[in-house]
Amino acid sequence: MKPFTYQRADDVASAVAAAAATPGAAYLGGGTNLVDLMRQNVERPAALVDVSRLPARIGIGTDGRLWMGAAATNTDVAADPVVRRDFPIIAEAIVNGASGQIRNTATVGGNLLQRTRCLYFYDTGARCNKREPGSGCDAVDGHNRMHAVLGASPECVATNPSDLGVALAALDARVHLAGPAGGRTVELLDLHRLPGDTPHVETVLAPGELITAVSVPPPPAAARSAYRKVRERASYAFALVSVAALLEVRDGVVASARLALGGVAAKPWRAAVAEAVLTGAPATRATFDRAAAAALADARPLAHNGFKIPLAQRVIVSTLEELS
Amino acid sequence: MNADPIVGRAVPRRDGPAKVSGAASFTAEVPVEGLAHAALVCSTVAAGEITGIDLTEARSAPGVVAVMTHHNAPAIRIAPLLITLRGASFTRAPVMQDARIRWNGQPVAIVVAETPEQADHAASLVRVGYAPAEGRLVFDDLKVGAPQPDHVQGEAPAVLRGDAEAALRTAAARVDQVYRTPWHTHCAIELHATTVAWHDERSLTMWDATQAVTHSQATLAEVFDLDPEDIRVVSQFVGGAFGNKMMWSHQILCAAAARLARRPVRLVLSRSDVFRVTGGRTRTEQRVALGARANGTLTALVHEATTTTGINDGFAEQCTFPARVLYGADSFGIDQRVVELHTPANSSMRAPGESVGSFALECALDELAEQLDVDPLDVRAGLEPAAHPTTGKPFSGRHLLEAYRLGAERFGWARRSSTPRSRRDGPWWIGHGVATATYPYTRMPGGRASVTLSADGCATVRTAAHEMGMGTATVQAQYAADHLGLPLDRVRFEYGDSRHPAAVPAGGSAQTVSIIASVVAAARALTAELLHLAAPDSPLAGAGAGADDVEMRDGGLHPRDGGPGESYAAILRRAGRAELAAEGAASPPTETAQHAMHSYGVQFCEVRVHDVTGEVRVSRWLGVFDTGRIINPRTAASQFRGAIVMGIGSALTEETIFDERTGRVLNASLAEYHVPVHADIPPIDVAWLGHPDPMAPMGGKGVGEVGMVGVAAAVANAVHNATGRRIRDLPITPDKVLGL
Ligand SMILES: Cc1cc2nc3c(=O)[nH]c(=O)nc-3n(C[C@H](O)[C@H](O)[C@H](O)COP(=O)(O)OP(=O)(O)OC[C@H]3O[C@@H](n4cnc5c(N)ncnc54)[C@H](O)[C@@H]3O)c2cc1C
Ligand code: SF4
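Residues numbered from 1 in each chain as written. Chains lettered and ligands numbered in written order. Predicted model: local features only at pLDDT ≥ 70, side-chain atom pairs only at ≥ 80, totals over all residues. Heavy atoms only, no water.

Identification of chain B as Xanthine dehydrogenase family protein molybdopterin-binding subunit from Pseudonocardia humida is taken from an unreviewed UniProt entry.

An unreviewed UniProt entry annotates chain A as Xanthine dehydrogenase family protein subunit M of Pseudonocardia humida.

This is the structure we're talking about:
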């Protein structure tokens, strides 16, 4: 681990000011991902600005949206009674991730910005365009069982590992930012970027920009929802694939549908084409099959991850059947 | 002997309170004055030469005390191998003596600094240049025509009886399949840690997390050309070892670096170092072919296995051993091969050989049972041999049929469906599987122990043995208390220090009986000393007074013929002695010369396999074991359960992934190498028969490893029963289950 300085910020303004004033600074949430990466010499920040004491409130705002402070712990969000009642897939996604200890420490902001689990990214002995731009990608022709089938590029085939992000993607969440140039809001679906030929640029955040909160509109009242995650180990493992779905069926017809996939792309993947197939169609197995096929129509397998395509389709179909 | 024996009681662990309260001090925490800390720099290529090492930046990093590479390392001789019984190493690779690279992850430099963080950081600043060479890395390319090893754990690599291939061709029923298991890593929770303090140029103390105290002492003496008497090795608590905490390069490097730095130095391996610097269990590729008559008896049993080693390193993992002992057959075709790869030397990992070998054999038997439409337990029972099937030796004690019967009843085996893919609970397919377990009994030569009596009537047993969490201190105190005829709270057991009499490594499930044999010898010597002291005024004086004429009971010596005895305390008091000590060497392990001695068991399980996702969850487990006398049901049950947990890991999740282009371990962390978590493990029921083995000291046969054997096969067989799919390639992941 490279030596670094540490300071704790008491409010958003001082956090942003501290980061702007210190070259090579990184924000520190719970540290469950960043500190690991620092210990592996993958991340080498010169300074840490601890934002884990920033606002962590969870509740319904005057705008009727659910607001979660970026510093809220994953455990607090998953245990919140309002979240559990009105946004159950957020709680489900969280408790299906990591371990109790990690969730107690991990924050909402850190969870969304956690880095990929690509094994070559973690190993400074390997070539990785994300870690070292231009060095090559050892995963494309290497061990890529956990890698992306959607939206990847020849430069990078890594996945985004967050479960929470998948639920938030299905819920049309927004991410609220503060930066040296002031505050702004981005759609969660626009937060992460696909790798293209700049896989080291993972989000639309400008340097020094801080996530202050995440807000979520209330889901359609009649929609049922579920978060399904597949993994060989029963807990404490990242998704092979995961599915977040909301389905509203009226008189046997799909009135509205939202579908997001995890473990398949460099970002939480919203399957908009599949939603179009579903909306207005009879809520039948045949429709769900077509939707699942549409969701993965653009998928491109690598040598070891081809199973993710049919696996995701199976999980989509069974989740929709369960919700219909 | 105690009239009401302590052996057999569920005595709580002696180390429990210290461990639960944090008072137990592990190697990485031992306080040493003036301590500096080390970190390794490891190669990132698998083969070739170091062309240059730039230490400029590292040397000027804050806190750096010394940096050692092959340029300034002292002369270090090759460490003796574990198999020689003199050492504890799996590798013959020179330790930082030349520019050659033998595997990806080989230490090429060690940095010593004031704090662990400074050492770590400075290590990241060492720049190493390599001229990589083409490595031997692709198993599938190299396995063809792989050579036979000289031996497999001292036994012949091949056992050929009759013409098994011919018998196969004409068999009424035939299974002929290839099974594969991946490289595994031990993943003890405690990282490997070593602390070395030199007292002068020729003497040192090493605190080490090891399962081979005496052999580490011998190794250090040999590699640094020192007198073993001048080396002290201490290992009080070890947080899991599983066969891996033997002698690797890191202890030697730590000692060399401490000499160079002229400071005590501590080296704690990082988790990725553990994966890359030390070796795990070899991958295997195994063909099992069974030829059978319609009644299930075998006309042919073929088991051919190919495993890997490092370059001129490691050992041929004995995966064909179960096939040599478990079942009768008219002909045998057993053969082992090894492929040398540019990887760390493979090492022993819990139930080496038997665990992965039984996966192949026990799955094949299940396939045969299916073909014959016979209950898989009945097929096994029908193959029970009268004597060891490949050596002809009589069994010292073997009660497998009883274990099958007891297990079947306790598990409710008869209620399972013999038709695959026929039971369902919602989206979960339910299946049941069974497999047999066996593990050889061994007792390594060379153990010693001392027993010291004090005037207050207490005894202290000392031996340089190991407590890695399995309960050594507890069960040995129980045994010694009975043997000496003392209450349990009057017996101390001291271990983990090379100043105590030499011990064998804790391996091969052999430590418990080996220590017992040493204590028996020490107690006998002590009896003679006591009689000598007692004469002529003691009530014992009249009693023929040979060691055979008296017994140790009720806190003293008593004539066997019933005459008056005398307490140890009284004998010492009268002789004016504060203490009396005697040391003994375990008798040579001759019991295996005439008899086939093995532990046995049978594993039953229920699995649930998700129809949509292919996820496998184990929902019920029973293991029934025939391991001789059980000293402590509590610690033995933990050993069985822990081994079953490890077996479930090997069945469903564990795989060390090598990049075959670079020979590098990719998932070198506990986040990515998946050992089971609590949610993967159902309540585990264990039972044992408890028949003492007539040939083993105290009738015990070792419980540490047999519990892992058969586990992966039982899971695979249950998955087949649940889904109709045979997975012959571990681990059994959802994609394989669904055939995607
Ligand atoms: C073994 C293991 C298993 C896991 N399994 C799962 C799983 O199954 N599913 C899952 O979703 N996750 C899993 N995780 C990951 C875990 O959820 C993340 O580590 C955690 O959510 C990160 O949160 P943190 O607050 O600790 O982030 P940190 O480690 O503090 O930070 C992560 C990144 O976010 C940045 N950051 C943090 N806060 C802010 C902010 N407010 N604004 C801007 N940038 C910020 C940091 O600079 C850093 O780049 C697992 C982790 C481990 C170690
Ligand atoms: S997939 Fe992406 S993260 Fe992984 S090695 Fe390639 S560039 Fe790096």
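Don't stop here, the text continues.
Asker: Just give me the short version of the packing of aromatic side chains, but keep the residues and values in it.
Answerer: Residues and elements named next belong to chain B. All told, the structure shown has 15 aromatic pairs over all chains when counted by the stated rule. Seen in terms of ring centroids, F493 and Y495 are 5.9 Å apart; in terms of plane orientation they differ by 15°. Their pairing is stacked. For the pair formed by F493 and Y495, the shared burial category is buried. By the ring-pair criterion, three or more aromatic residues cluster together here, those being F90, W248 and F315. For the cation-ring pair, R424 lies above W429, with the distance from its terminal atom to the ring centre recorded as 4.8 Å. The ring of F411 carries R620 above its face, with NZ or CZ at 4.0 Å from the centroid. (Phe/Tyr/Trp six-rings, centres within 6.5 Å; stacked < 30°, edge-to-face > 60°. Buried < 20%, exposed > 50% of the residue type's maximum accessible area, 1.4 Å probe, protein only. Lys NZ or Arg CZ within 6 Å of the ring centre and 35° of its normal.)

Asker: Run through the site of ligand 1, naming residues and quoting values.
Answerer: In the region of ligand 1, 31 residues are neighbours, and Y27(A), G31(A), T32(A), T107(A) and D163(A) sit closest. Those chains with residues close to ligand 1 are chains A and B. In this structure, an oxygen atom belonging to ligand 1 sits 2.6 Å away from a side-chain N or O atom of T32(A). At 3.3 Å from a nitrogen atom of ligand 1 is found a side-chain nitrogen or oxygen belonging to Q114(A). Look at ligand 1: alone it shows 970 Å² of surface, and the protein chains cover 95% of it. At the level of elements, β2 (25–28), α7 (108–113) and β8 (210–216) of chain A are the ones that each hand at least two residues to the shell around ligand 1. Sorting elements by how many residues they give to the shell around ligand 1 places α7(A) first, with four residues. Across the shell around ligand 1, the residue classes break down as 16 nonpolar, 13 polar and two charged. Of the domains in this structure, domain 1 (5–52) and domain 2 (224–323) of chain A are the two that each give at least three residues to the shell around ligand 1. (Near = heavy atom within 4 Å. Polar contact = N/O pair within 3.5 Å; in protein donor to acceptor, adjacent residues only side chain to side chain. Areas by Shrake-Rupley, 256 points an atom, 1.4 Å probe, with all protein chains shown as cover. Helix = DSSP H or I, 4+ residues; strand = E, 2+ residues; numbered from the N terminus. Nonpolar A, V, L, I, M, F, W, Y, C, P; charged D, E, K, R; others polar. Domains from an automatic or database assignment.)

Asker: Got a sec to walk through the site of ligand 2? Specific residues and values, please.
Answerer: All names here are of chain A. Around ligand 2 sit 14 residues in total, of which C118, C128, C137, C156 and V157 are the nearest. More than half of the atoms belonging to ligand 2 lie within 2 Å of the grid points that define the second largest cavity. Looking at the shell around ligand 2 residue by residue, the class counts come to nine nonpolar, two polar and three charged. (1 Å grid on protein atoms, 1.4 Å probe; cavity = no way out; pocket = protein on both sides within 12 Å on 5 of 7 lines; lining within 4 Å. Sits in = over half its atoms within 2 Å of the grid points.)

Asker: Account for the sheet that holds strand β19 (residues 459–462) of chain B, naming residues and giving values.
Answerer: All names here are of chain B. Reading across the sheet, the four strands line up as β20-β19-β18-β24 and stay open at both edges, with mixed pairing between neighbours. Because the sheet does not close on itself, it has two edges, and the strands there are β20 (491–494) and β24 (579–585). Put simply, the sheet's adjacent strands are angled 15° from each other on average, direction ignored. Two elements, strand β18 (residues 448–454) and β24, share seven bridges in a ladder whose sense is antiparallel. Considered in β24, the bridge of S450 is made with E583. On the sheet, helix α13 (residues 472–484) packs against β18, β19 and β20 and is oriented at approximately 135° with respect to β20. Of the strands in this sheet, β18, β19, β20 and β24 are in contact with helix α14 (residues 511–534), which crosses β24 at around 135°. (Pairing = 2+ DSSP bridges. Axes fitted to C-alpha atoms, helices over the stretch in contact; angles between N-to-C directions. Contact = heavy atoms within 4.5 Å.)

Asker: Mind laying out the pairing of strand β3 (residues 64–69) of chain B, listing which residues take part and the relevant values?
Answerer: Residue and element names in this part refer to chain B. Counting buried residues along β3, five of its six residues qualify, which places the element largely inside the surrounding structure. When β3 meets strand β5 (residues 107–113), the two strands line up antiparallel, connected through five bridges. Looking at β5, one finds that A66 is bridged to V112.

Asker: Account for the sheet that holds strand β7 (residues 182–187) of chain A, with residues named and values stated.
Answerer: All names here are of chain A. Pairing is antiparallel across the open sheet formed by five strands, whose spatial order is β4-β5-β8-β6-β7. The sheet is open, and its two borders are formed by β4 (58–60) and β7, each paired with just one other strand. Strand-to-strand twist in this sheet, taken as the mean axis angle between neighbours without regard to direction, amounts to 20°. Its contacts with the sheet put helix α1 (residues 12–21) on β6 (174–179) and β8, and the angle it makes with β8 is roughly 135°.

Asker: Which residues make up the domain arrangement of chain B, and what are the values?
Answerer: Interfaces are often sized by the accessible area lost when the parts come together. Residue and element names in this part refer to chain B. What the domain assignment lists for chain B is domain 1 (16–22 + 443–588), domain 2 (32–134 + 189–241 + 245–277) and domain 3 (158–184 + 281–442 + 593–737). On a C-alpha basis, the centroid separation for the pair domain 1 and domain 3 is 39 Å. Contact between domain 1 and domain 3 buries roughly 1200 Å² in total, counting both sides, with carbon and sulfur atoms accounting for 59%. By the criterion of area lost to domain 3, the three top residues of domain 1 are R443, S509 and V513, representing 40% of everything that side buries. (Buried area = accessible area lost by both parts, 1.4 Å probe.)

Asker: Quick one: what's the story with the UniProt feature "domain: Aldehyde oxidase/xanthine dehydrogenase a/b hammerhead" (unreviewed entry) in chain B, residue by residue and with numbers?
Answerer: Here, UniProt's "domain: Aldehyde oxidase/xanthine dehydrogenase a/b hammerhead" (unreviewed entry) annotation points to residues 21–134 of chain B. What you have in residues 21–134 of chain B is 12% helix and 31% strand, and the ends, taken at the C-alpha atoms, are 52 Å apart. (UniProt positions renumbered as here; feature names shortened; annotations may be inferred.)

Asker: Describe the domain arrangement of chain A, with residues and values.
Answerer: Split into domains, chain A comes out as domain 1 (5–52) and domain 2 (224–323). A separation of 36 Å is found between the C-alpha centroids of domain 1 of chain A and domain 2 of chain A.

Asker: Describe the nonpolar core, listing the residues and the values that go with them.
Answerer: Residue and element names in this part refer to chain B. The biggest cluster of nonpolar side chains holds 91 residues, and the ones touching the most others in it are I110, F224 and L530. Top contributing element to this core by residue count: α14, with 10 residues. Contacts of F224, omitting those with residues within four sequence positions, involve A75, I76, W198, I252, A255, A256 and R259. The next biggest cluster of nonpolar side chains, apart from the first, holds 86 residues, and it includes Y179, A329, A435 and V706. (Core = buried A, V, L, I, M, F, W, Y, C linked by side-chain atoms within 4.5 Å.)

Asker: Just give me the short version of the environment of L557(B), but keep the residues and values in it.
Answerer: Residues and elements named next belong to chain B. Relative to the helices and strands, L557 is located in strand β22 (residues 556–559). Using a relative accessible area of 0% as the deciding quantity, one classes L557 as buried. With 26 residues separating them in the primary sequence, L557 and L531 have C-alpha atoms 8.5 Å apart. Aside from chain neighbours lying at most four places away, what touches L557 is T527, L530, L531, L540, V550, E551, M552, G565, E566 and Y568.

Asker: So, the pattern of salt bridges: which residues are in play, and what are the values?
Answerer: Residues and elements named next belong to chain A. Evaluation of the coordinates by the stated rule reveals 67 salt bridges over all chains. The salt bridge partner of D138 is R127, with a shortest N-O separation of 3.0 Å. Of this pair, D138 sits in the loop between α7 and α8 (164–170) while R127 sits in the loop between α7 and α8; the two residues are 11 residues apart in sequence, bridging distant segments of the chain. Each of the salt bridges in this network shares a partner with another, and the network as a whole consists of E43, R115, K130 and E202. (Salt bridge = Lys/Arg side-chain N within 4 Å of Asp/Glu carboxyl O.)

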